[in-house]
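# Topology and contacts: notes
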Amino acid sequence: MTANKKYKCVNCGEPCSALYRTYGPSVLKLTKCVGCKGIVDKYIEYDPVIVMIDLVLMSKEAQRHILYNTDFKAFWKLFIILVMLETYAVWRSDSLFSIAVNTICDIKSNYTINSTNINLPINLSVPESWRNNCGGWVQDDRGDDSDLFIWEKDFYVQFISTFSGIVIFITTVHVLMKVLQSLATHNRVSSKRLLQAFSLANMSTLFALPMLVWGNADTPRETRLVHYLLVFVYSFIVFCNVFTVLYESPMLITILVLIASYSVKHYTTFHMTPFLRGFVT
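The name that an unreviewed UniProt entry assigns to the protein chain is Protein ARV, with the source organism given as Parnassius mnemosyne. Its UniProt record gives the protein chain a comment under Function (unreviewed entry), which states: "Mediator of sterol homeostasis involved in sterol uptake, trafficking and distribution into membranes." Here the protein chain is described in UniProt, under the heading Subcellular location (unreviewed entry), as follows: "Endoplasmic reticulum membrane".

As structure tokens, this is what we get:
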């Protein structure tokens, strides 16, 4: 019945067959939704800048517009750019994940100016297998006389590890949503649309750029930590909204799935990086 309804109302998510109807060379009328009686997609008349602002403000209407009512072809380019950005941040030890690893493993190194270790008021007890992998996160100092080929090789290693974590994250989200299908969703989600949704949500990573670009050795570690925490919280909320729109799932279900998926992602990255570094050494 909805096979020919490839669009969706940005207000309620009701499938529809057209966004507007043409009555002449210069006359068109926006389609009204049969569900909520509102305009199916008001954004087709908006400037792209307005759409981008609404995306930053986490508007579900703008997210539905991009995912269902536009030809979002460049998602794979965005996906690669954002993976490279996340890889660079972890490689420089300048990310929330790196701060957590340095703190848990008690790594205090100066191989980058942005290496951060937080002194916790309690002693963390981690499994012995995790302790064994901590050594794989300690890198040699990168002085001016260091071999650039070693730097480049280590970046590629970190890219593979980060990419593996992201693939695991996407797969875990999709599998858990399908397992919880009776509670979360009754619609089919294609792999292409899933990657589009991930790329759209992962744009929130760009807010880490100011610290990556302008952060220096004089930046207090507390400031760095607060910045990355705020970026992570914002990113988590964006992912909640986007996957709720994509799977038409209750917010609580999406939050639980994301918590599990993030845990599996970081677990994979934490163990994959020392393994790859030991393998290529």
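The subject of this paragraph is the UniProt feature "transmembrane region" (unreviewed entry) in the protein chain. Within this numbering scheme, the UniProt entry marks residues 74-91, 155-176, 197-214 and 226-247 as carrying the feature "transmembrane region" (unreviewed entry). With 94% helix and 0% strand, the stretch residues 74-91 has end C-alpha atoms that lie 26 Å from each other. The span residues 226-247 is 100% helical and 0% strand by assignment, and the distance between its end C-alpha atoms comes to 31 Å.

Turning to the nonpolar core, a few remarks are in order. Among soluble globular proteins, nonpolar side chains are generally buried collectively. Counting residues in hydrophobic clusters, the biggest one holds 38 residues, and the most contacted among them are F169, V173, F239, F243, L246, Y247 and L258. Put simply, the parts of the chain that give this core at least two residues each are α1 (48-56), α2 (60-68), α3 (75-91), α6 (148-179), α8 (191-202), α10 (221-247) and α11 (251-280). Counting 8 residues, the second-largest nonpolar core is a separate cluster that includes I99, A208, L212 and Y228.

Now for the pattern of salt bridges. Taken as a whole and judged by the stated rule, the model has 6 salt bridges. For E86, the salt bridge goes to K265, with nearest N and O atoms at 3.0 Å. Separated by 179 residues along the polypeptide, E86 in helix α3 and K265 in helix α11 bring together distant segments of the chain. Each member of the pair, E86 as well as K265, carries the same accessibility label: buried. In this structure, D94 engages R92 in a salt bridge whose closest nitrogen and oxygen atoms are separated by 3.5 Å. Judged by relative accessible area, R92 falls into the buried class, the value being 14%. One continuous salt-bridge network, built from bridges that share partners, spans R92, D94 and R224.

This part is about helix α4 (residues 96-104). Buried within α4 are the following residues: F97, S98, I99, V101, N102 and T103. The inward-facing, buried residues of α4 abut α3, α10 and α11.

Cut-offs and rules
Residues numbered from 1 in each chain as written. Predicted model: local features only at pLDDT ≥ 70, side-chain atom pairs only at ≥ 80, totals over all residues. Heavy atoms only, no water. UniProt positions renumbered as here; feature names shortened; annotations may be inferred. Helix = DSSP H or I, 4+ residues; strand = E, 2+ residues; numbered from the N terminus. Core = buried A, V, L, I, M, F, W, Y, C linked by side-chain atoms within 4.5 Å. Buried < 20%, exposed > 50% of the residue type's maximum accessible area, 1.4 Å probe, protein only. Salt bridge = Lys/Arg side-chain N within 4 Å of Asp/Glu carboxyl O. Contact = heavy atoms within 4.5 Å.

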